[in-house]
Amino acid sequence: MKQLLIVAHAPSPNTETLRQAVARGAGHPDVEGVNVRVMAPLDAGPEDILACDAIILGTTENLGYMSGALKDFFDRSYYPCLEKTQGLPFAFYIRAGHDGTGTRRAIESITTGLRWRIVHDPVLCRGEYDPAFETQCEDLGLYLAAGLDAGMF
């Protein structure tokens, strides 16, 4: 079984709904060869990254940056994973009250340093909450899980 790790900060009911949508997509019944693990950033660490075959990150936009919880996850995981996870397939979504630009740039900077390989365009859930965000996040989870299951990455 391939391992898909979802590490997403969900401080509100809406962000919890988005995290569940990603997990629902990743757990689609047609995807049989992938085990999905969902964790909060403060509960996840380098050992979880090292045990996965792909990762989906989720965060809120906080003052034009990623959540402190996701930043803490990267701070604790960066050096233990630096030489061991190069090429790790990943994707991410941002729940942005504004435009998400700074948050996106920060995640891309860190993951570029880790030499992870982005396999899906970032999902930017911008502005007022829209139930369509849930479909976008569910599709993201399905894409990563199905791609992993099919050996695409």
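Draft legend 1. Summary view of the overall build of the chain. Looking only at helices and strands, the chain has five helices and six strands in total. From first element to last, N terminus to C terminus, the chain shows the α and β order β-α-β-α-β-α-β-α-β-β-α. Compactness check: the chain gives a C-alpha radius of gyration of 14 Å against a globular reference of 15 Å for 153 residues, within 12% of the reference. Dimensions of the chain, computed from the C-alpha atoms along their principal axes, are close to 40 × 35 × 25 Å. A buried classification covers 48% of the 153 residues belonging to the chain. Sequence separation of 24 or more characterises 82% of the internal contacts of the chain that already satisfy a separation of 6 or more. Positive and negative side-chain charges of the chain, numbering 13 and 20 respectively, have mean locations separated by a distance of 6 Å.

Draft legend 2. Representation of the nonpolar core. With 25 residues, the main nonpolar core has Ile-55, Leu-57, Phe-73, Phe-74 and Trp-116 as its most contacted residues. If you list the elements that add at least two residues to this core, you get strand S1 (2-8), strand S3 (54-60), helix H3 (68-81), strand S4 (89-96) and helix H4 (101-114). Counting 23 residues, the second-largest nonpolar core is a separate cluster that includes Leu-18, Ile-56, Tyr-93 and Val-119.

Draft legend 3. Just unusual backbone geometry, in detail. Here Leu-63, not a glycine, exhibits a phi torsion of approximately 55°, which is positive. By the element assignment, Leu-63 lies in the loop between S3 and H3. Relative accessible area serves as the criterion here: at 91%, Leu-63 is assigned to the exposed category. The phi angle at Arg-115 is positive, at roughly 65°, despite the residue not being glycine. By the element assignment, Arg-115 lies in the loop between H4 and strand S5 (117-118). Judged by relative accessible area, which is 48%, Arg-115 ranks as partly exposed.

Draft legend 4. Molecular detail of the environment of Gly-102. Along the chain, the position of Gly-102 falls in helix H4. According to the relative accessible area criterion, Gly-102 is buried, its value standing at 16%. Once the C-alpha coordinates of Gly-102 and Phe-90 are considered, the two residues, 12 residues apart in sequence, prove to be 19 Å apart.

Draft legend 5. Layout of the packing of helix H1 (residues 13-26) against helix H5 (residues 132-149). Where H1 contacts H5, the two axes come as close as 6 Å, and the packing angle between them is 35°. Remark: the crossing between H1 and H5 carries right-handed chirality. Of H5, the residues touching H1 (which contributes Thr-17, Leu-18, Ala-21, Val-22, Arg-24, Gly-25 and Ala-26) are Phe-133, Glu-134, Cys-137, Glu-138, Gly-141, Leu-142 and Ala-145. Here the contact of H1 with H5 is built from residues that sort into eight nonpolar, three polar and three charged.

Draft legend 6. Spatial organisation of the side chain of Thr-85. If you trace the backbone, Thr-85 turns up in the loop between H3 and S4. Polar contacts involving the side chain of Thr-85 include one to the main-chain carbonyl oxygen of Cys-81, which spans 2.9 Å. Within the structure, the side chain of Thr-85 is placed 2.9 Å from the side chain of Trp-116, a separation counted as a polar contact. Those residues in contact with Thr-85 that lie beyond four places of it in its chain are Ile-49, Leu-50, Leu-114 and Trp-116.

Quick notes on the rules
- Residues numbered from 1 in each chain as written.
- Predicted model: local features only at pLDDT ≥ 70, side-chain atom pairs only at ≥ 80, totals over all residues.
- Heavy atoms only, no water.
- Helix = DSSP H or I, 4+ residues; strand = E, 2+ residues; numbered from the N terminus.
- Rg over C-alpha atoms; globule rule 2.2 N^0.38 Å.
- Buried < 20%, exposed > 50% of the residue type's maximum accessible area, 1.4 Å probe, protein only.
- Contact = heavy atoms within 4.5 Å.
- Lys, Arg positive; Asp, Glu negative; His and termini not counted.
- Charge placed at Lys NZ, Arg CZ, Asp CG, Glu CD.
- Core = buried A, V, L, I, M, F, W, Y, C linked by side-chain atoms within 4.5 Å.
- Axes fitted to C-alpha atoms, helices over the stretch in contact; angles between N-to-C directions.
- Left-handed = near helix turned anticlockwise from the far one by under 90°.
- Nonpolar A, V, L, I, M, F, W, Y, C, P; charged D, E, K, R; others polar.
- Polar contact = N/O pair within 3.5 Å; in protein donor to acceptor, adjacent residues only side chain to side chain.

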